[in-house]
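Structure assessment
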Amino acid sequence: MSDLTLYYFPGSYYSQRALLALYEKDAKFKHQVVFIHDGDQITPSYMRMNPAGQVPVLADGKKIITESDAIIKYVDENVHTGSTLVPDEISSVGKEVARLRKLISSVRVEIMTYGVLRFQDLSITGLHPIAKPMADIMKKDQGKRFAELRKTLAVLAEKYPDLRDAYNAKIEFATNFPKEFQNRELVVKVLNDVEKTLDEIENILKRVKDEQGISDCWLVGPRFTAADIALATLLDRISFLGLTARYFTPEKRPHLYQYYQRLGTRKSVQQVRSLVLATPRMFILRKLKKASPFVAGIIAAGIGVAVAYSILKRK
Ligand SMILES: N[C@@H](CCC(=O)N[C@@H](CS)C(=O)NCC(=O)O)C(=O)O
């Protein structure tokens, strides 16, 4: 296993799960950022790799793995460093990891995310600054945006007959999804349902702590597993949407609150968060590159020189 490339977008929920798995296993991999808000994922070359037109995708040489759960499994089985993320379901730990992943994945995170971006008053403390520009676009003319997307997809479906079904499936999604996240009642219900899921998680964390007698345990004990990867991305998304004050504070779900503080000290989580924070820089560089590859090269070289200079100065 020598030639891994992850196609992802840093802000994407499922990409973050794949990234966490790779970082947890200390895997060497190439980064290929797919700008999903610019339509990179619907280009014919990308759709041929993943007909769902979604991130993440893992390439291992010529082998392509789609779906974050499958990527986590693949990385776990094929990268022989780090600890086991998906224990065999024959064991009781394996069964519990599978049960918890299912529970956490039952949260309708797309509706939660787009719904709160759309109805920003549902956020308690305000969106993360990185989410703000996107939320503003969504507030303005999302009807137009989705209509334009459907038009583009229809043109592509016509032009590339081998991908017609895949593009048509995306047109269907682009027709139905806006109806869901623009339905305020549904968004409120999804947010209320999260309370129930987190109540269950809080009880589990308390039980594991009492039974195992350790205060710094993860979801199934001392070992960080794929269940923790699922929970880490959910909690980061809650924070991104300015909802932590609603769901976990020292008073409300204190075990979950402590768990979240501990997540922040974990290297893999820090690595993913710094990629998310670097997104605006990536956007600027991409725009420059599109405008003029020559100018972008000079700017990138300039950044390199400045970084090298500051490192030398520190020595
Ligand atoms: N079931 C897929 C879901 C992937 C997914 O929904 N990806 C989103 C970003 S989080 C995406 O690529 N959206 C762009 C699009 O659908 O066009 C997985 O687990 O990998």
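Keep in mind it's a predicted model, so treat the numbers as computed, not measured. (Residues numbered from 1 in each chain as written. Predicted model: local features only at pLDDT ≥ 70, side-chain atom pairs only at ≥ 80, totals over all residues. Heavy atoms only, no water.)

Turning our attention to the site of the ligand. As a matter of local geometry, the ligand sits amid Ser12, Tyr13, Tyr14, Gln41, Gly53, Gln54, Val55, Pro56, Glu67, Ser68 and Lys170. Gly53 has a polar backbone atom sitting 3.5 Å from an oxygen atom of the ligand. For the ligand, whose unbound accessible area comes to 510 Å², protein coverage reaches 80%. A breakdown of the residues in the shell around the ligand according to their chemical character gives four nonpolar, five polar and two charged. (Near = heavy atom within 4 Å. Polar contact = N/O pair within 3.5 Å; in protein donor to acceptor, adjacent residues only side chain to side chain. Areas by Shrake-Rupley, 256 points an atom, 1.4 Å probe, with all protein chains shown as cover. Nonpolar A, V, L, I, M, F, W, Y, C, P; charged D, E, K, R; others polar.)

Here helix H7 (residues 164-181) is 18 residues long and its end C-alpha atoms lie 26 Å apart, about the 26 Å a rise of 1.5 Å per residue gives. Restricting attention to buried positions, one finds in H7 the residues Ala166, Tyr167, Lys170, Ile171, Ala174, Phe177, Pro178 and Phe181. (Helix = DSSP H or I, 4+ residues; strand = E, 2+ residues; numbered from the N terminus. Expected span 1.5 Å × (residues − 1). Buried < 20%, exposed > 50% of the residue type's maximum accessible area, 1.4 Å probe, protein only.)

To continue, consider the environment of Ala230. Looking at where Ala230 falls in the secondary structure, it is placed in helix H9 (residues 226-240). On the basis of relative accessibility, which here comes to 3%, the residue Ala230 falls in the buried class. Each residue touching Ala230, except ones within four places of it in the same chain, is listed here: Tyr13, Arg17 and Ile104. (Contact = heavy atoms within 4.5 Å.)

Further remarks concern the packing of aromatic side chains. Scanning all chains against the criterion turns up 14 aromatic pairs. Note on Phe9 and Phe283: the rings are 6.2 Å apart at their centroids and 65° apart in plane angle, and the pair reads as edge-to-face. Of this pair, Phe9 sits in the loop between strand E1 (4-8) and helix H1 (13-24) while Phe283 sits in helix H13 (residues 279-291), and the two are 274 residues apart along the sequence. Residue Phe9 is classed as buried on the basis of its relative accessible area of 5%. The exposure class of Phe283 is partly exposed, given its relative accessible area of 24%. Centre to centre, the rings of Tyr114 and Phe181 are 5.2 Å apart; their planes meet at 50°, and the pair counts as tilted. One end of the pair, Tyr114, is in helix H5 (residues 109-118); the other, Phe181, is in helix H7, with 67 residues separating them in the sequence. Exposure remark for Phe181: the relative accessible area of 0% places this residue in the buried category. Clustering of aromatic rings is evident, with ring pairs tying together Tyr114, Phe146, Phe173, Phe177 and Phe181. Sitting over the face of the ring of Phe224, Arg266 holds its NZ or CZ atom 4.2 Å from the ring centroid. (Phe/Tyr/Trp six-rings, centres within 6.5 Å; stacked < 30°, edge-to-face > 60°. Lys NZ or Arg CZ within 6 Å of the ring centre and 35° of its normal.)

A separate point is the sheet that holds E1. What holds strands together in a sheet is hydrogen bonding between their backbones, with the strands either parallel or antiparallel. Taken in spatial order, the four strands of this open sheet run E2-E1-E3-E4, and their pairing is mixed. With partners counted over all chains shown, the strands left at the sheet margins are strand E2 (30-33) and strand E4 (63-66), one partner each. When strand polarity is set aside, the average angle formed by the axes of neighbouring strands in this sheet is 20°. Alignment of E1 against strand E3 (residues 57-60), held across four bridges, turns out to be antiparallel. Its bridge partner being in E3, Tyr7 is matched across the sheet by Val57. (Pairing = 2+ DSSP bridges. Axes fitted to C-alpha atoms, helices over the stretch in contact; angles between N-to-C directions.)

Attention now goes to the pairing of E2. Strand direction decides the pairing type here: E1 and E2, joined by four bridges, are parallel. Across the sheet, Tyr7 pairs through a bridge with Gln32, a residue of E2. Crossover E1 to E2 through H1 is right-handed. (Right-handed = clockwise from strand over helix to strand, strands pointing away.)

What follows deals with the packing of helix H8 (residues 184-212) against helix H11 (residues 254-263). The N-to-C vectors of H8 and H11 enclose an angle of 80°; their axes lie 8 Å apart at closest approach. As far as their axial angle goes, H11 and H8 are roughly perpendicular. Taking contact as the criterion, the partners of Leu198, Ile201, Glu202, Leu205, Lys206 and Lys209 in H8 are, on H11, Pro254, His255, Leu256 and Tyr259. Of the residues that constitute the contact of H8 with H11, the class distribution is six nonpolar, one polar and three charged. (Parallel < 35°, antiparallel > 145°, perpendicular 65-115°, else oblique.)

Turning next to unusual backbone geometry. Across the junction of Val55 and Pro56, the peptide omega takes the value 5°, indicating a cis bond. In this structure, Pro56 sits in the loop between helix H2 (44-49) and E3. Look at Glu67: it is not a glycine, yet its phi comes out positive at around 75°. Note on placement: Glu67 falls in the loop between E4 and helix H3 (68-78). Among the residues examined, Glu67 registers a relative accessible area of 52% and is labelled exposed.

Remember that the coordinates give geometry; whether it matters functionally is a separate question.
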